[in-house]
Amino acid sequence: MRHLRITLASAAAGLGLVAALGATPAVAADPASAAPSTASSTATAGYTAYAGSSENAAANRAFYKAVMKSVAEKRAANPGAASVTVVYSTANAPSFRSQIASSTRIWNSSVSNVQLQEGSNADFAYYEGNDSRGSYASTDGHGGGYIFLDYRQNQQYNSTRVTAHETGHVLGLPDHYSGPCSELMSGGGPGTSCTNANPNSAERSRVNYLWQNGFAAALAGATS
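What you see is a predicted model; the values in this text were computed from it and never measured.

Trainee: Help me out: how do you make sense of the overall build of the protein in this one?
Mentor: For the protein, the count of helices and strands is eight helices and six strands. Here the protein, with 224 residues, has 54% of them falling under the buried criterion. Across the protein, contacts joining residues at least 24 apart in sequence account for 73% of those joining residues at least 6 apart.

Below is the structure:
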């Protein structure tokens, strides 16, 4: 099977679980020492906003459009590629390597049109640290992306679910905090007792659709 390796398109999209979780670490540190310093004020608004706010919705749309534009262009240039491989780095999140590996296995076994792979020259990176905003996914504004994993939040909530949820944003899925525990992108909405780390059938289908079908429409939507 041939694979097309991509780099995530730029957008500032704070898409963290924290909006619904309301988890605030006892000691909040500036993530700039761990996460890329290029996160924008738009991303910050997305972290702190309530799940249903216009700021968070705007961040979701920006991330979705950026990913769609990138994928549409690259698939158009390589129409014969059977699937897309997105490469990531765990060098800056050593404490979460096990959860990241589990999240990767979950996603790679759930979808066929995009696969995740750890490696060099990564398309996005995982970072870890303390942040009162919780865990989140964002892009750095320069063609790369990162996922920040907050220590306390990952102690309060199932860590593999948190990681798989944030990785879902990399694959193009928005937050849906009002969903049930069976829905991965409901994030912290169902509460700390929810340990499901698997996307449901609708989420799996959506990711497969985003990474293969309807790219003309996706590109039109991303540039409109």
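Next, the rest of the story.
Trainee: What exactly am I supposed to notice about the state of the cysteines here?
Mentor: What makes a disulfide is a covalent bond joining the sulfur atoms belonging to two cysteines. Scanning the entire structure with this criterion turns up one disulfide. In this model Cys181 forms its disulfide with Cys194; the gap between the sulfur atoms is 2.1 Å. Its S-S torsion of approximately 90° makes the covalent link between Cys181 and Cys194 right-handed. With Cys181 in the loop between α6 (159–170) and α7 (201–210) and Cys194 in the loop between α6 and α7, this residue pair connects regions lying 13 residues apart in the sequence.

Trainee: Just to check I follow, could you spell out the pattern of salt bridges for this structure?
Mentor: Any two side chains of opposite charge can pair, so long as their charged atoms come close to each other. Applying the stated criterion across every chain yields a total of one salt bridge. A salt bridge links Arg133 to Asp131; the shortest N-O distance between them is 2.6 Å. Each of the two residues, Arg133 as well as Asp131, counts as buried.

Trainee: How should the side chain of Asn154 be read in this particular structure?
Mentor: With respect to the helices and strands, the residue Asn154 is situated in helix α5 (residues 151–156). Within the local environment of Asn154, its side chain forms a polar contact with the side chain of Ser135, the two groups lying 3.4 Å apart. If we ignore the near neighbours within four places in the chain, the residues touching Asn154 are Phe96, Ser135, Leu149, Ser159, Val162 and Thr163.

Trainee: When you look at the confidence of the model for the protein in this model, what are you seeing that I'm missing?
Mentor: Where the model shows low pLDDT, its predicted coordinates should not be examined in detail. Looking at the protein, pLDDT values average 72 and 56% of them are 70 or higher. Every residue in residues 1–34 is under pLDDT 50, and counting partners more than four places away or in other chains gives 130 contacts.

Trainee: Before we go on, may I ask you to explain α6 in this structure?
Mentor: Residues lying three or four places apart along an α-helix face the same way, a consequence of the helix completing one turn every 3.6 residues. Here α6 contains twelve residues, and its C-alpha end-to-end distance of 17 Å stays within 8% of the 16 Å for a straight helix at 1.5 Å per residue. α6 sits mainly inside the fold: twelve of its twelve residues count as buried. Taken together, the buried positions of α6 are Ser159, Thr160, Arg161, Val162, Thr163, Ala164, His165, Glu166, Thr167, Gly168, His169 and Val170. Two or three places before Thr160, at the opening of α6, Asn158 has a side-chain oxygen 3.3 Å from that residue's backbone nitrogen. Phi turns positive, to about 105°, at Gly172, one or two residues after α6.

Trainee: Would you mind going over the packing of aromatic side chains with me for this structure?
Mentor: For any pair of aromatic rings, the description consists of the separation of the ring centres together with the inter-plane angle of the planes. Applying the stated rule across the entire model yields seven aromatic pairs. Seen from their ring centres, Tyr127 and Tyr146 are 5.9 Å apart, and the 80° between their planes marks the pair as edge-to-face. On the criterion of sequence distance, the pair formed by Tyr127 in strand β4 (residues 124–129) and Tyr146 in strand β6 (residues 145–150) is long-range, its members being 19 residues apart. Just as Tyr127 is buried, Tyr146 falls in that class too. With a centroid separation of 6.1 Å and an interplanar angle of 75°, the aromatic rings of Tyr136 and Tyr146 are classed as edge-to-face. You can see Tyr136 sitting in strand β5 (residues 136–139) and its partner Tyr146 sitting in strand β6, a full ten residues away along the chain. Assigned by exposure class, Tyr136 and Tyr146 land together as buried.

Trainee: Could you clarify how one ought to interpret the packing of helix α4 (residues 97–110) against α6 in this entry?
Mentor: Working note: a packed helix pair is described by the angle between its axes plus the distance between those axes. Interaxial distance between α4 and α6 falls to 9 Å at its minimum, and their mutual angle equals 55°. With respect to α6, the axis of α4 lies oblique. You can see that α4 and α6 cross each other, and the crossing is right-handed. Across the interface between the two elements, Gln99, Ile100, Ser102, Ser103, Ile106 and Trp107 from α4 touch Ser159, Thr160, Thr163, Ala164, Thr167 and Gly168 from α6. Class assignment for the residues of the contact of α4 with α6 results in four nonpolar, eight polar and no charged.

Trainee: Honestly, the pairing of β4 in this entry has me stumped. Any pointers?
Mentor: One face of the sheet, then the other: side chains in a regular strand alternate in exactly this way. In terms of burial, β4 is a largely internal element, six of the six residues being buried. Across the two faces of β4 the burial is the same, with Phe124, Tyr126 and Glu128 and Ala125, Tyr127 and Gly129 all buried. Of the strand pairs in this sheet, β4 and β6 are connected by six bridges, and their pairing is parallel. The residue bridging Phe124 from the neighbouring strand is Gly145, located in β6.

Cut-off values and rules
- Residues numbered from 1 in each chain as written.
- Predicted model: local features only at pLDDT ≥ 70, side-chain atom pairs only at ≥ 80, totals over all residues.
- Heavy atoms only, no water.
- Helix = DSSP H or I, 4+ residues; strand = E, 2+ residues; numbered from the N terminus.
- Buried < 20%, exposed > 50% of the residue type's maximum accessible area, 1.4 Å probe, protein only.
- Contact = heavy atoms within 4.5 Å.
- Disulfide = S-S within 2.5 Å.
- Salt bridge = Lys/Arg side-chain N within 4 Å of Asp/Glu carboxyl O.
- Polar contact = N/O pair within 3.5 Å; in protein donor to acceptor, adjacent residues only side chain to side chain.
- pLDDT = per-residue confidence, 0-100.
- Expected span 1.5 Å × (residues − 1).
- Phe/Tyr/Trp six-rings, centres within 6.5 Å; stacked < 30°, edge-to-face > 60°.
- Axes fitted to C-alpha atoms, helices over the stretch in contact; angles between N-to-C directions.
- Parallel < 35°, antiparallel > 145°, perpendicular 65-115°, else oblique.
- Left-handed = near helix turned anticlockwise from the far one by under 90°.
- Nonpolar A, V, L, I, M, F, W, Y, C, P; charged D, E, K, R; others polar.
- Pairing = 2+ DSSP bridges.

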